[in-house]
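Each chain, letter by letter, is given below.
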Amino acid sequence: MSYSELYSRYTRVWIPDPDEVWCSAELTKDYKEGDKSLQLRLEDDTIREYPIDVQNNQVPFLRNPDILVGENDLTALSHLHEPAVLHNLKVRFLESNHIYTYCGIVLVAINPYEQLPIYGQDVIYAYSGQNMGDMDPHIFAVAEEAYKQMARDEKNQSIIVSGESGAGKTVSAKYAMRYFATVGGSASDTNIEEKVLASSPIMEAIGNAKTTRNDNSSRFGKFIEIGFDKKYHIIGANMRTYLLEKSRVVFQAEDERNYHIFYQLCAAASLPEFKELALTCAEDFFYTSHGGNTAIEGVDDAEDFEKTRQALTLLGVRESHQISIFKIIASILHLGSVEIQAERDGDSCSIPPQDEHLSNFCRLLGVEHSQMEHWLCHRKLVTTSETYVKTMSLQQVVNARNALAKHIYAQLFSWIVEHINKALQTSLKQHSFIGVLDIYGFETFEVNSFEQFCINYANEKLQQQFNSHVFKLEQEEYMKEQIPWTLIDFYDNQPCIDLIEAKLGILDLLDEECKVPKGTDQNWAQKLYERHSNSQHFQKPRMSNTAFIVIHFADKVEYLSDGFLEKNRDTVYEEQISVLKASKFPIVADLFHDDKDSVPASNTAKSRSSSKINIRSSRPPMKASNKEHKKSVGYQFRTSLNLLMETLNATTPHYVRCIKPNDEKLPFHFDPKRAVQQLRACGVLETIRISAAGYPSRWTYPDFFNRYRVLMKKRELANTDKKSICKSVLESLIKDPDKFQFGRTKIFFRAGQVAYLEKLRADKFREATIMIQKTVRGWLQKVKYRRLKAATLTLQRFCRGYLARRLAEHLRRTRAAIVFQKQYRMQRARLAYRRACRAAVIIQSFTRAMFVRRNYRQVLKEYKATVIQKYARGWMARRHFQQQREAAIVIQCAFRRLKAKRELKALKIEARSAEHLKRLNVGMENKVVQLQRKIDDQNKEFKTLSEQLSAVTSTHAMEVEKLKRELAHYQQHQEAESSLQLQEEVQSLRTELQKAQSERKVLEDAHHRENGELRKRVADLEHENALLKDEKEYLNNQILSQSKAESSQSSLEESLLMKKELEEERSRYQNLVKEYSRLEQRYESLRDEQTPGHRKNPSNQSSLESDSNYPSISTSEIGDTEDALQQVEEIGAEKAAMDMTVFLKLQKRVRELEQERKKLQVQLEKEQQDSKKAQVEQQNNGIDVDQDADLAYNSLKRQELESENKKLKNDLNELRKAVADQAMQDNSTHSSPDGYSLLLNQLKLANEELEVRKEEVLILRTQIVNADQRRLAGKSTEPNINARTSWPNSEKHVDQEDAIEAYHGVCQTNSHTEDWGYLNEDGELGLAYQGLKQVARLLEAQLQAQSLEHEEEVERLKAQVEALKEDMDKQQQTFCQTLLLSPEAQVEFGVQQELSRLTNENLDFKELVEKLEKNERKLKKQLKIYMKKVQDLEAAQALAQNDRTHHELTRQVTVQRKEKDFQGMLEYHKEDEALLIRNLVTDLKPQMLSGTVPCLPAYILYMCVRHADYTNDDLKVHSLLSSTINGIKKVLKKHNDDFEMTSFWLSNTCRFLHCLKQYSGDEGFMTQNTAKQNEHCLKNFDLTEYRQVLSDLSIQIYQQLIKIAEGLLQPMIVSAMLENESIQGLSGVRPTGYRKRSSSMVDGESSYCLEAIVRQMNSFHTVMCDQGLDPEIILQVFKQLFYMINAVTLNNLLLRKDACSWSTGMQLRYNISQLEEWLRGKNLQQSGAVQTMEPLIQAAQLLQLKKKTQEDAEAICSLCTSLSTQQIVKILNLYTPLNEFEERVTVSFIRTIQAQLQERNDPQQLLLDSKHMFPVLFPFNPSALTMDSIHIPACLNLEFLSEV
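Quick caveat, the model's predicted, so the values are computed rather than measured. (Residues numbered from 1 in each chain as written. Predicted model: local features only at pLDDT ≥ 70, side-chain atom pairs only at ≥ 80, totals over all residues. Heavy atoms only, no water.)

Visitor: Can you break down the overall build of the protein chain residue by residue, with the values?
Guide: In terms of helices and strands, the protein chain carries 51 helices and 26 strands. Evaluated residue by residue, the protein chain yields a buried proportion of 40% over its 1844 residues. Residue pairs at least 24 apart in sequence account for 74% of intrachain contacts in the protein chain once pairs closer than 6 positions are excluded. As displayed, the protein chain has an accessible area near 109000 Å², and 53% of this comes from carbon and sulfur atoms. (Helix = DSSP H or I, 4+ residues; strand = E, 2+ residues; numbered from the N terminus. Buried < 20%, exposed > 50% of the residue type's maximum accessible area, 1.4 Å probe, protein only. Contact = heavy atoms within 4.5 Å. Areas by Shrake-Rupley, 256 points an atom, 1.4 Å probe, with all protein chains shown as cover.)

This is the structure in structure tokens:
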């Protein structure tokens, strides 16, 4: 294409910028040929004219399309140049926070200066097994690529990590080693991977320091070889180090520090073990205070020092050696602080004799103080004739001291590295290795010295190796695709390398100058000028004669020659070394005695050249000098570097280039200038240039077809061959054939061609869009026209309707006016008529009223006359009635008088009779008494009243006389005036009385009124009070309901919490079971490896003898250790000493004897106390017991009980038989069991009543016998009633009256004949009373016995509680100690604790087995004796029988066997057990039982166990169950990848467990059993412990089943869920880079679709259902599998930028809906599998939601509740549009999401744990089958089993 086509209007380009290095601009007009400049618009809308020169190709770089920005691989960019690389890295780093980016074979890692959650175990597992281009760039992807190529190609690998200080090299190398340690963990218990990781903190402590660029800068280079065996497990490691910066020991620049170990040791100086080091804070020492600030923000030196010590311990460095190392380090600090004083002459100096630091230095190193003091200030000169001791100046002494300190530290560093290598070595043969090279990057400072020269020299060598490797890979790719190969010109830095290392090169001249006695740096510089002035890579500065410039591949560097000779010589005076060699400490002497060549020997393989073309420089390299070199620093470094290059050339290298984004160490801050400088230095741009020189863009034919299908014509698409279609399309689109090449599987494009195709595709889409827009706009206009037309018609219709309505309204109004007129005229006429009518009516009314009044007067007169007549006639009638009534009354009085006289006469006669008097006198006495009292009271009252009356009368008389006298006197004086005054006073009193009455009335009215108001108010208050009461009751009810609701809610929360804790505990337990099974398998595998041949056990010997995990059935106690002691005596002391089992047995037996001794001592003390109490009570209270009565009672009770027992047994047997018959009849007739239960209740009541009556009869008989005995004994003497009566077996305190009454009853009873009918008299009550007391005494005795037993039980339980408390305290102490350890140590400690617990249990079981064997031997001996006796007896009986039958007639009699029904038991002989296990477990195939009852082996095994239980053979049960469990384990181990076999034995194990529960006899498991099934329960043995063992085995089988299913599903998940197009044509293909041709990818790698997953799960479901697995377990299986699908898919989505798009979200939604539909079709929706898919569902929705506004952010936050904040932000950062019409997610939107989600307490883990396993639960599922209905097929070959 021409420039006019490329540089058209709106084309975006890159132009140089002084601040941003490159800035973007857009052309404002098309470029035309001949133009000298371009018109550009910058991003800030400024217009700029940019000059160009087309002839010299000086045109601005083209910018890539936006769709390519942010690519994972820089080689996927269409335009490959520096600004495109820089911009892509900047966008990924700042906007997406991606620190890793591929650049061909190089991984570019930018230091974020922030901890990122992308290095956890979950991320390691996510990258494990993945191809390099399938996931986002990561250091783990590079490590996985190296590990995979090592395993596939069987070739050694290397990872080269480079970069400048502070770029993150050490961290990247550390994460790579962590990946290898996790993925390729050691197969043995050596934990070599932990040791490899433990070397990092040690090397960081002694080799890292703080610089101005990095707080943890590595000041040395290292190459770590991690060795692997044939199974690719880590077996060892080896470390080489390069060019330690020794000058840092004695000098640090401003704001820098010395090596970390010095500050760590000073921080820990207060520890007691370091008191002898005499250290203080770091500021007090000269060597640690140069840089100023001695602390690093966020770093705890004391904590890091503790980690260093732990790492040394883990690597096997003894504590004494550690102290010696710390002493040497402390001595260096003291040496640097030694005070040196110059003498007056200036040529000599001295050290004060009391210098404390020198004393400490000599003491810590164990050297002589005087010698060291002397040789620090003097030196020895040796000539041919004599030796001189010369003093040194102050500067010379300081230099010598510093050289000594550097030498000591360098030797110590080498010693530590050597011991680390020894700890990492292994005796196993190394099959291959992966090397990790952590080496310094290219460095250039203001002042560059010898260290920078060596570093840049090493980078020149590495860059040469890198360029050749990149060139070789390009060549291999082209040859693989059969593309014509053309030479690519690339930069060859061999001339620069020759300048440094060739004959008479820089290093050679430096070594020669060092050999000159008075050589100087200036002379060496002059030699360089003279020798290399003509070299194109060497220059002399203009303003300096002591510096020189070397033009490296990255930049020009000016080196200052001052100090080169001294650093190259690394001179240390021999006298000082001799003093150190004479140290009394061996480790110090060893550091300097073995002063050999420090160049490490190469143990790597020779270079295996696999390249197909040799790459040579432009001129042949110069040969190295043959001269014997002195071992200078430069020579040593050159030699070690050559060895390193040989090692790297013999491996397949992988490159990691670390970039430092800024010098201020700010998190996620990008400085373009610094980034470009490092990109140029590390070779990334060179890789880009090499790629751009060839065909950097590569597309597979299917991807190209899918991406650019829109550019193809319809007739071309008719062809079925996609390859030919692509060829024809490209030939028509790109005319220049050199711009592309057709490979075997890919199309190769020159740089910029993909951008051109993207432009054509965008133009095609734009044209299509315009066409769509045109059509849509036309359709919209048509719709608008139709809408306007319809609106116009509607308006017309409404207008016409309005006019019609207006006309109709006019007509209505006209008609209404006429009607109004008519009505008005009618109204006027009506009014006139009404007036005339009203006048006529008035006249008529007046006339009629006159006539009516006349009539009224006449009627009134007549009425009055009638009234007068009425009253007259009434008076006459009343007078006649009164006369008649008076006459009748006279007659009635006469008659009544006559009748009364007659009655009076009769009453008089009656009164004279006696009965009448009696009736009258009844109650008369009381009435008389009452009347007399009343009369007396009245008399008294009358008397008092009369006295009062007389007193009052006399008083009144006296007052009357007095008043009379006064009145007379008053009348005499004022007779005239008094009358007037009295009248006035009376009048005034009357008025006052009236006034008072009126006031009283008013007050009464007010009182009544107030009373009414008060009553009303009281009523209101009562009403209000009632309302308040109702409200109070309502509120109380609400409070109660609320409290109930809260309590129910709290109880619900507690239940949920308890459920969660139960799930966690179950999960923890099952993880322990899983870990135990893993350790068990590992143990078995190790045992199999150690055993040369397969070792068989005898068939009659159970394999459980070596497996101590199963309990025993026997209940006998564990005996003593006599057998063990006997074994010790027999074997001998030496062999027994090595028997750890016997030793542990003895230890345990000693502990048990100690516990028994304590228990016996406590019991003895208790018995002594009880005996003392009994003696005291016996002395205080003497108890007289009648022994004869007790004996009589006991004998009678025994006889009675025996007779009653016989009766009851007979009755009970008859009753049971009758009840059983009745029950059989009821069952046969299907009647209800009410009659049966009624009979049982009656039987129970009858038994209870019989016991009560029997006890009463016994007591009464005993009392009668005792009384009869006393009567016979005391017949001559009269009993003393008042004496104390003693009743047998009665209480001590008896009421005297009861005793007398009982005694009379006894006497009366005994005086009669022996007729027991007299017991109903009074004597029976006394006997019954005493009998009840006797019963009470018996009950009290029983109660006391029970209380004693209870107290003993309580004491025993208390002892157990104390023992448990002690164990708990020990466990708490252990737990506290465990918390102080690191997580890895905690895991190791937990495993050790578990192993110790299992060992103790193993010993217990072994002791139990030994005791059982001992008992078995004893029983066998007894059995032999008894058998011999039985045989003798049978022989004697047979002889006697033969003698008897010899004289009798012989007769043939046929004995027929009575056939019995099958009872559901199977019998086998002991020797057939191995055959049973082999046929039923080991060799059984699930296909053999197709069509039979599911879980048939479980039923057969239970029937065998039931027969062993029936015969009470515990050994047989134990052997059968143990052999079964071991057989199942062997089968599962053999078929550890067979899903059908694992599912088969999971179902059988669960069914066997259910059978043991269902038929255990436990009522909780028998609720659903039938009567027939209850007959099949176990009778003799409790197999609870075996049920636990089977439950653990079921857990292990379930975990193996899940592992197999996950292994089958996992390869399908990513391809089916993310990559396969379930909806055709939805997803697009984006350009891919170099990483898509990963060498780990296999050609023709198969891809899966969703139907493959569905088919696989259908297969799982069918197998589990056919084999009778419990439905609850099937639900749990699919819940676990769906969780794994969710975790794997989501993790891949979070680690793949190409998968985070809108189309992927649509594909995921569709795939998830298909899986949900499958769950519903299989009726598995209750399993909770859909809930486990919720994070993936929300992730798919997140990819499809709009992501622009604040409302969108709120919707995302409310929707994505199952995703963590990190996951949401990660998906938004990864979201990638598939075409240019989509928009990226802006950074501001992501910040908004983060701000809204910051309140969430989400876990810090980014990925889901795909290895997480839900705890499995095996619910009890009883079987409806009965054992007697099981049929055994002949294919099982179990003919030796006999039915019972």
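Visitor: Break down the sheet that holds strand 19 (residues 547-551) for me, with residues and values.
Guide: Taken in spatial order, the three strands make up an open sheet running 18-19-20, and their pairing is antiparallel. Of all the strands in the sheet, the pair left with one neighbour each is strand 18 (538-539) and strand 20 (556-560). As defined by bridge partners, strand 18 adjoins strand 19 across two bridges and the pair is classed as antiparallel. Residue pairing across strands places glutamine 539 opposite isoleucine 549, the latter belonging to strand 19. (Pairing = 2+ DSSP bridges.)

Visitor: Tell me about the nonpolar core, residues and numbers included.
Guide: Counting residues in each nonpolar core, the largest one holds 326 residues, and the members touching the most others are Phe180, Phe262, Met372, Phe548, Ile1500, Met1617 and Phe1678. Ignoring any residue separated from it by four or fewer positions in sequence, one finds phenylalanine 548 in contact with Phe453, Ile506, Trp524, Leu528, Tyr529, Phe538, Gln539, Pro541, Val557, Glu558, Tyr559 and Phe564. With 19 residues, the next largest nonpolar core counts Tyr701, Val754, Leu757 and Leu760 among its residues. (Core = buried A, V, L, I, M, F, W, Y, C linked by side-chain atoms within 4.5 Å.)

Visitor: Give a description of a nonpolar patch on the surface that names residues and reports values.
Guide: A cluster of nonpolar side chains, contributed by Ile772, Val776, Trp779 and Leu780, occupies part of the molecular surface with about 410 Å² of accessible area. Topologically, tryptophan 779 is positioned in helix 26 (residues 753-911). Owing to a relative accessible area of 52%, tryptophan 779 belongs among the exposed residues under this scheme. (Patch = residues over 30% accessible without salt bridge, like charges linked within 9 Å, V, L, I, M, F, W, Y side chains within 5 Å. Salt bridge = Lys/Arg side-chain N within 4 Å of Asp/Glu carboxyl O.)

Visitor: Could you give an account of the pairing of strand 12 (residues 234-242), naming the residues involved and the relevant values?
Guide: Burial within strand 12 is extensive, with eight of its nine residues counted as buried. Where strand 11 (residues 221-228) lies against strand 12, eight bridges are found, and the strand directions are antiparallel. Among the inter-strand pairings, phenylalanine 228 is bridged to a residue of strand 12, identified as isoleucine 234.

Visitor: An account of the environment of alanine 1740 is requested, with residue identities and associated values reported.
Guide: Secondary-structure assignment places alanine 1740 in helix 48 (residues 1734-1744). Exposure remark for alanine 1740: the relative accessible area of 0% places this residue in the buried category. In this structure, the C-alpha to C-alpha distance between alanine 1740 and tryptophan 1702, residues 38 residues apart in sequence, is 8.4 Å. Alanine 1740 has contacts with Gly1705, Leu1708 and Arg1709, leaving out every residue within four places of it along the chain.

Visitor: So what's going on with unusual backbone geometry? Which residues, and what values?
Guide: In the Ramachandran plot, tyrosine 10 falls in the positive-phi region, its phi being about 75° despite a non-glycine side chain. Looking at the element boundaries, tyrosine 10 is found in the loop between helix 1 (3-6) and strand 1 (12-17). The backbone of cysteine 1495 shows a phi angle near 60°, a positive value even though the residue is not glycine.

Visitor: Before we move on, could you go through a negative patch on the surface and cite the residues and values that matter?
Guide: Together, Glu1349, Glu1351, Glu1352 and Glu1355 make up a region of like negative charge exposed at the surface. Within the element layout of this structure, glutamate 1355 appears in helix 36 (residues 1322-1379). When its relative accessible area of 41% is taken as the criterion, glutamate 1355 is described as partly exposed. (Lys, Arg positive; Asp, Glu negative; His and termini not counted. Charge placed at Lys NZ, Arg CZ, Asp CG, Glu CD.)

Visitor: Hey, could you go over the packing of aromatic side chains for me, with residue numbers and the actual values?
Guide: As enumerated under the stated definition, the model contains 39 aromatic pairs in all. Centre to centre, the rings of phenylalanine 453 and phenylalanine 548 are 6.4 Å apart; their planes meet at 75°, and the pair counts as edge-to-face. With phenylalanine 453 in helix 13 (residues 450-480) and phenylalanine 548 in strand 19, this residue pair connects regions lying 95 residues apart in the sequence. Its relative accessible area of 0% is what places phenylalanine 548 among the buried residues. One residue, lysine 327, lies across the ring of phenylalanine 585, its end atom 5.1 Å from the ring centre. (Phe/Tyr/Trp six-rings, centres within 6.5 Å; stacked < 30°, edge-to-face > 60°. Lys NZ or Arg CZ within 6 Å of the ring centre and 35° of its normal.)

Visitor: Got a sec to walk through the packing of helix 11 (residues 369-377) against helix 18 (residues 574-581)? Specific residues and values, please.
Guide: The angle between the axes and the distance between the axes are what describe a pair of packed helices. Closest axis-to-axis distance for the helix 11/helix 18 pair is 9 Å, and the angle between their directions is 165°. If you check the angle between helix 11 and helix 18, you find them roughly antiparallel. The handedness of the crossing between helix 11 and helix 18 comes out as left-handed. Here Gln371, Met372, Trp375 and Leu376 of helix 11 come into contact with helix 18, specifically with Glu575, Gln576, Val579 and Leu580. Residues that form the contact of helix 11 with helix 18 fall into these classes: five nonpolar, two polar and one charged. (Axes fitted to C-alpha atoms, helices over the stretch in contact; angles between N-to-C directions. Parallel < 35°, antiparallel > 145°, perpendicular 65-115°, else oblique. Left-handed = near helix turned anticlockwise from the far one by under 90°. Nonpolar A, V, L, I, M, F, W, Y, C, P; charged D, E, K, R; others polar.)

Visitor: So what about the environment of lysine 1485? Which residues, and what values?
Guide: Among the secondary structure elements, lysine 1485 is positioned in the loop between helix 38 (1473-1482) and helix 39 (1496-1510). As a C-alpha pair, lysine 1485 and glutamate 1540 span 55 residues in sequence and 9.6 Å in three-dimensional space.

Visitor: Give me the pairing of strand 11: which residues, what numbers.
Guide: Counting buried positions over the eight residues of strand 11 gives eight, a clear majority of the element. Here strand 11 shows a buried face lined by Gly221, Phe223, Glu225 and Gly227 and a second buried face lined by Lys222, Ile224, Ile226 and Phe228. Taking the residues that link successive antiparallel strands as the turn, the strand 11-strand 12 hairpin has five residues, and the phi of tyrosine 232 there is positive, at about 60°. One ladder, built from seven bridges, connects strand 11 with strand 17 (residues 432-438); its direction is antiparallel. Within the sheet, the bridge partner assigned to isoleucine 226 lies in strand 17 and is isoleucine 434.

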